[in-house]
Structures are given as structure tokens and as C-alpha cells.
Amino acid sequence: MALDPQTSAKITRYRPRNPPAAWDQVAPLVRSVVAATVTAVPYDVERLLHITGRLALWAEASGLEREPDGWLRNEVIDAFVLSLLGEVGASTIRTYRTWLLRVRDALAFAERGEPAPARLHAPPNPHQPYSPAELAELRHWAAHLPRQQRADGLALMGLGAGFGLTPREVAASTGGDLRRSPGSGPLLHTGVRRPVPLAARAAWDPLLGELADAAGRGYLFRPRPTVEFAKNLVNSWPLAHCPPDPLPALSAGRLRATWIVELMAARIDHDLIAKAAGLASAASLARYQHHVPPLDDATAIRLLHGPAR
């Protein structure tokens, strides 16, 4: 499958920070593995390059054969992720293992047409999006919190449901990152790297503008004196601020899923959505499709008929 120019460029240019001498030996293989599998797995291409590159360098240092099929054997993947104990947390180790197993399965299919082995557990599902009513009620609740809690709650919601940001991106966003496009146009987020301009959803644009003005160059969510990302900075806030029953808890993952599904329901081009979300390809959106409500007959007819020439 042909890759879009942005993904292809990321793969071609990728180089680890302070790479060891062995990188030049394994780099072509790492790039070929990622190029062959990136459209078949739901992971960001840069993260995929990072973890596949780490595995390749570890295998090279361990004296293993310089061959992706060898790197991606179950026992090699397990030994590699266990070598990271003490360096990263247990949840990250599980994540890395899952990613590499998915890459292994995708590579086997791409090269030899082998199906993925049967899984003894349910495949991971994306976050459940909020319903429009839930989102409106959560926004009303957050708007009536006291002072800084209000600003934090609304910033979390606006950055997640208005821009589709990941937790790390939410934590890193500052007021200075949000800027108006020329001519008092939509609010743009300039602090995250995307192949396309990232515009706020219209429903969140005025609120995000107010929050940006109030924050100045400071952080929009949970202002703090350091730029370093705290691991549980975003996820810990909803644990301390619970909306009343029967409202669900706030979740950065669910807010991002809500943003994605809303764009899909608006029948926006899937390639554009994937680029705005920072996903590897439009194929990654397939896991959200069952959340998108079906078209009614009148809308289907209108879309299929098209405009008059």
C-alpha cells in the first residue's frame, strides 16, 4: 500500500536521539518494517519508529541475527520489554509488547499472507465517546466549579473535545499555542505537530479563546512551574473532581474519541481527520466506525446526488 507523503517523509527522516553507531546498520530494516506495517496498525508512525528502533538496537547489542523476523519472535519481544524494567513503568512495558506483537502480525501478513494468530482475549477497543447530552452536561458542571478547578475542567474538555488532543498534548498546551487564523478566523493550535492546521471545533472556539487570553503564555490545564510532563497529570484530575451521578467521569481519551467520532459523523474526509488527529493513516479510524450513527435516507440521497453543475 502506498504511503501518504507525510508518513513516508517521517519514516525516511527518522533517527533516534543520540543514536549509537549500530543505528546505521539497522536503520534500513527498521524503516522497511514500519513502512510495511504502519497502515495496518492503529499507532502513530513516530512512536512505531521509536519502539521498533529500540527493539532493533537491543537485538543488535544482544548479538541476535540482523533480521526483523528474528527480532519479532515472541521470546525476543518478551526479553526486550523485560529489559526495560526499572526504566519505564509496567503499563508502558505492556503497551510496547502489544505494539510489537501487532507489528509482528502485520508484517507476517504483508510479506507472506499469514493470518494473525488467534487471540485468547478481546481486542482492545477505543475509548467510548460521550453522547451529546453527556458532553453538554459535563460542560455545564465544569463551568460551575470554583476558580482554578473551573479553568482546569473547561481546558481539559476544550482541548480534548475541541482539538482532539492526547493527554500529553493537553498537559503541554499553553495559552500562547492558541492563535487566531488571519482575519479573525478560527482558533488554531500551533503547539502540536500535525500535517494540517489544527482548528478548534466551532462549539469550543469562543471558550478556548477566553481560556487562552486568561492563561497568557502559561499552561491552560493545571498551571505548574515546569514544562516537564508529569505522568498522571491529566488522568489524576478527574479522580479528584467527580461530577454528580449519573454523569460519567471526565476522560481525556473519551474526549478525544468524541472529537474523532463527531468529525466522522460530519462526513469529513477520513484522511483529513487522521492527519488532524496525528494518526498514521485513515485506516486507524476503522475502530471508531461503529460509534458513527448511520445516515438517514434523505442525507444519503443528498450526498450521493451531489451538487448541481
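Values in this document were obtained by computation on a predicted structure and should not be read as measured data. (Residues numbered from 1 in each chain as written. Predicted model: local features only at pLDDT ≥ 70, side-chain atom pairs only at ≥ 80, totals over all residues. Heavy atoms only, no water.)

**Q** It is not clear to me how the overall build of the protein should be interpreted in this structure. Could you clarify?
**A** Check the secondary structure of the protein and you find 14 helices and 2 strands. Taken over the C-alpha trace, the protein has a radius of gyration of 21 Å; the compact-globule value for 309 residues is 19 Å, and the two agree within 12%. Principal-axis analysis of the C-alpha atoms gives the protein an extent of 60 × 55 × 40 Å. A burial count over the protein gives 44% of its 309 residues as buried. Counting contacts in the protein only where the partners sit at least 6 residues apart, residues at least 24 apart contribute 65% of the total. Carbon together with sulfur atoms contributes 56% to the accessible area of the protein, which is approximately 16,800 Å² in total. Averaging the coordinates of the 35 positive side-chain charges in the protein and doing the same for the 29 negative ones gives two points 4 Å apart. (Helix = DSSP H or I, 4+ residues; strand = E, 2+ residues; numbered from the N terminus. Rg over C-alpha atoms; globule rule 2.2 N^0.38 Å. Buried < 20%, exposed > 50% of the residue type's maximum accessible area, 1.4 Å probe, protein only. Contact = heavy atoms within 4.5 Å. Areas by Shrake-Rupley, 256 points an atom, 1.4 Å probe, with all protein chains shown as cover. Lys, Arg positive; Asp, Glu negative; His and termini not counted. Charge placed at Lys NZ, Arg CZ, Asp CG, Glu CD.)

**Q** Looking at this structure, how should I read the nonpolar core?
**A** In this structure, Trp-141, Leu-156, Met-157, Phe-163, Leu-208, Leu-250 and Leu-255 are the most contacted members of the largest nonpolar core, which totals 50 residues. When residues of this core are traced back to their parent elements, those giving at least two are α7 (132-143), α8 (147-163), α9 (167-172), α10 (205-215), α11 (233-240), α12 (252-265) and α13 (270-277). Considering each element in turn, this core owes the most residues, 8 residues, to α12. When near neighbours in sequence (up to four residues on either side) are disregarded, Met-157 contacts Leu-135, Leu-138, Arg-139, Ala-142, Gly-162, Trp-204, Leu-250 and Leu-255. (Core = buried A, V, L, I, M, F, W, Y, C linked by side-chain atoms within 4.5 Å.)

**Q** Help me out: how do you make sense of the packing of α8 against α10 in this one?
**A** When two helices pack together, their arrangement is captured by the angle between the axes and the distance separating the axes. As a packed pair, α8 and α10 sit with axes 10 Å apart at the nearest point and diverge in direction by 130 degrees. When the axis of α8 is compared with that of α10, the two are oblique. Taken as a pair, α8 and α10 cross one another with a handedness that is left-handed. Only Leu-207, Leu-208 and Leu-211 of α10 make contact with α8, whose side of the interface consists of Ala-151, Leu-154, Ala-155, Gly-158, Leu-159 and Phe-163. In the contact of α8 with α10, the residues fall into 8 nonpolar, 1 polar and no charged. (Axes fitted to C-alpha atoms, helices over the stretch in contact; angles between N-to-C directions. Parallel < 35°, antiparallel > 145°, perpendicular 65-115°, else oblique. Left-handed = near helix turned anticlockwise from the far one by under 90°. Nonpolar A, V, L, I, M, F, W, Y, C, P; charged D, E, K, R; others polar.)

**Q** Which parts of the structure should I look at to understand the confidence of the model for the protein?
**A** Interpretation of this model should avoid reading the predicted coordinates in detail wherever pLDDT is low. Confidence in the prediction of the protein, expressed as mean pLDDT, is 87, and 91% of residues score 70 or more. Low pLDDT (under 50) marks residues 116-123, which in the prediction has 5 contacts with non-local residues, meaning those over four places away or in another chain. Confidence drops under pLDDT 50 across residues 225-229; counting only partners more than four residues distant or on other chains, this segment forms 5 contacts. (pLDDT = per-residue confidence, 0-100.)

**Q** Would you mind going over the packing of aromatic side chains with me for this structure?
**A** In this description, a pair of aromatic rings is defined by centroid distance and the angle of the planes. This model, assessed by the stated rule, comprises 6 aromatic pairs. Grouped by ring-pair contacts, the aromatic residues Tyr-43, Tyr-96 and Trp-99 constitute a single cluster. Over the aromatic face of Trp-204 sits the side chain of Arg-139, whose NZ or CZ is 4.2 Å from the ring centroid. (Phe/Tyr/Trp six-rings, centres within 6.5 Å; stacked < 30°, edge-to-face > 60°. Lys NZ or Arg CZ within 6 Å of the ring centre and 35° of its normal.)

**Q** What am I meant to see in α10 here?
**A** It helps to recall that an α-helix has 3.6 residues per turn; residues three or four apart then point in one direction. Turning to α10, its buried residues are Asp-205, Leu-207, Leu-208, Gly-209, Leu-211 and Ala-212. Gly-216 sits one or two residues past α10 and shows a positive phi near 65 degrees.

**Q** Explain the pattern of salt bridges here, please?
**A** One pass over the structure, following the stated rule, counts 12 salt bridges. Linking Glu-75 and Arg-73 is a salt bridge whose minimum nitrogen-to-oxygen distance equals 2.9 Å. Overall, Arg-73 belongs to the partly exposed group, its relative accessible area being 39%. For Lys-275, the salt bridge is made with Asp-271, and the minimal N-O distance between the two is 3.1 Å. Of this pair, Lys-275 and Asp-271 are both found in helix α13, 4 residues apart, which corresponds to roughly one turn of the helix. (Salt bridge = Lys/Arg side-chain N within 4 Å of Asp/Glu carboxyl O.)

**Q** Just checking my understanding: could you explain unusual backbone geometry for this structure?
**A** Most peptide bonds adopt trans geometry, and most residues besides glycine take a negative phi value. Omega for the bond connecting Asp-245 with Pro-246 falls within 30 degrees of zero, at 5 degrees, which places this linkage in the cis form. Along the chain, Pro-246 turns up in the loop between α11 and α12. A positive phi angle, near 60 degrees, is found at Arg-267, a position not held by glycine. Take Arg-267: it is sitting in the loop between α12 and α13. Classification of Arg-267 by relative accessible area gives partly exposed; the value is 35%.

**Q** What should I look at first to understand the side chain of Arg-256 in this one?
**A** Note on placement: Arg-256 falls in helix α12. No salt bridge forms around the buried Arg-256; measuring N to O, its nearest opposite-charge neighbour Glu-169 is 4.9 Å away. In contact with Arg-256, other than residues within four places in its own chain, are Gly-160, Gly-164, Leu-165, Thr-166, Arg-194, Ala-277 and Leu-279.

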